[in-house]
Amino acid sequence: MSTPYMFLLSLLAVWRICHLLSQEDGPFDLIIKFRKLFGQGFFGNLLDCFYCLSMWVSIPFAVWLGSDWKETVVYWLALSGGACILFKLTEKNTPN
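Residues numbered from 1 in each chain as written. Predicted model: local features only at pLDDT ≥ 70, side-chain atom pairs only at ≥ 80, totals over all residues. Heavy atoms only, no water.

**Section: helix α1 (residues 3-23)**
A turn of α-helix holds 3.6 residues, and therefore any two residues three or four places apart point the same way. Here α1 spans 29 Å end to end across 21 residues, near enough to the 30 Å set by a 1.5 Å rise per residue. All of the buried residues in α1 are M6, S10, L11, V14, W15, C18, H19, L21 and S22. Contacts made by the buried residues of α1 are with α2 (30-38), α3 (42-48), α4 (50-65) and α5 (69-90). (Helix = DSSP H or I, 4+ residues; strand = E, 2+ residues; numbered from the N terminus. Expected span 1.5 Å × (residues − 1). Buried < 20%, exposed > 50% of the residue type's maximum accessible area, 1.4 Å probe, protein only. Contact = heavy atoms within 4.5 Å.)

**Points about the packing of aromatic side chains**
Tallied over the entire structure, the rule returns four aromatic pairs. With 6.1 Å between their ring centres and 85 degrees between their planes, F50 and Y51 make a pair best called edge-to-face. Seen in terms of ring centroids, Y51 and F87 are 5.6 Å apart; in terms of plane orientation they differ by 85 degrees. Their pairing is edge-to-face. Here the residue Y51 occupies a position in helix α4, and F87 occupies one in helix α5, the gap between them amounting to 36 residues. The class of Y51 is partly exposed, set by a relative accessible area of 35%. Pairwise contacts between aromatic rings join F50, Y51 and F87 into one cluster. (Phe/Tyr/Trp six-rings, centres within 6.5 Å; stacked < 30°, edge-to-face > 60°.)

**Topic: the pattern of salt bridges**
Applying the stated rule across the entire model yields two salt bridges. Two residues, E24 and R16, come together in a salt bridge whose shortest N-O distance is 2.6 Å. Its salt-bridge partner being K88, residue E91 comes within 3.3 Å of it at the nearest N-O pair. (Salt bridge = Lys/Arg side-chain N within 4 Å of Asp/Glu carboxyl O.)

**Some points on α5**
Under the 1.5 Å per step criterion, the end-to-end length of α5 is 31 Å for 22 residues, consistent within 8% with the ideal 32 Å. Those residues of α5 that fall on the buried side of the exposure criterion are T72, Y75, L79, S80, G82, A83, C84 and F87. Between a side-chain oxygen at the N-terminus of α5 and the backbone nitrogen of K70 the separation is 3.3 Å; the capping residue is D68. (Polar contact = N/O pair within 3.5 Å; in protein donor to acceptor, adjacent residues only side chain to side chain.)

In structure tokens:
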């Protein structure tokens, strides 16, 4: 498979995983229970922040896509940044 295609699939996967873990209840409220399990510590706060979570979730995808460390770092930042852009584009506007 070509690299642009795999990058796009990886970007969508990063967005989906981050959105599920930070914004959704999940089936049978499993994700809410998972977030409550971690409380207010490092991991609990991480699961509350889409932007923070995208930095961590994108790492394995970047390692998989990159052929050397420089390319891996660029993929890491690009995947996280792309997921953040998708998050802003799909975020529901709530009136103040």
